[in-house]
Amino acid sequence: MSFSLKHYKLSFSLVFNRDLGSSFPILRILWMPRCNLEDLDGVTAMVNLRELYLAYNDITDLSPLSMM
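Residues numbered from 1 in each chain as written. Predicted model: local features only at pLDDT ≥ 70, side-chain atom pairs only at ≥ 80, totals over all residues. Heavy atoms only, no water.

1. So, the sheet that holds strand S2 (residues 29-31)
And step 1. The sheet built from 3 strands is open, its strands ordered S1-S2-S3 with parallel pairing. The sheet is open, and its two edges are formed by strand S1 (7-9) and strand S3 (51-53), each paired on a single side. Sheet twist, expressed as the mean angle between neighbouring strand axes with direction ignored, is 0°.
And step 2. Relative to S2, S1 runs parallel, the two sharing 3 bridges. Bridge pairing links His 7 to Ile 29 in S2. (Pairing = 2+ DSSP bridges. Helix = DSSP H or I, 4+ residues; strand = E, 2+ residues; numbered from the N terminus. Axes fitted to C-alpha atoms, helices over the stretch in contact; angles between N-to-C directions.)

2. Some points on the packing of aromatic side chains
And step 1. Going through the model one piece at a time under the given rule, you end up with 1 aromatic pair.
And step 2. Here the aromatic rings of Trp 31 and Tyr 53 are separated by 5.7 Å at their centres, their planes lie at 10°, and the arrangement is stacked. Taken as a pair, Trp 31 in strand S2 and Tyr 53 in strand S3 lie far apart in primary sequence, 22 residues in all.
And step 3. Look at Tyr 53 and you get partly exposed, because its relative accessible area is 37%.
And step 4. The ring of Tyr 56 carries Arg 34 above its face, with NZ or CZ at 4.0 Å from the centroid. (Phe/Tyr/Trp six-rings, centres within 6.5 Å; stacked < 30°, edge-to-face > 60°. Buried < 20%, exposed > 50% of the residue type's maximum accessible area, 1.4 Å probe, protein only. Lys NZ or Arg CZ within 6 Å of the ring centre and 35° of its normal.)

Next comes the structure, spelled out in structure tokens:
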């Protein structure tokens, strides 16, 4: 399933889906503060992503962002 969202805002949500990136191929802006994220798996599939807001999560490895 794929969505045509360009902006997506989640706050205080529990995100378990590691395939988030492949579900939103044209997403340009993503807000996910306080979503209990521990990693950025799937973010590289968001090839159109231009802005990413991930404040107050538990992410320790930013290396997936290096290829964007």
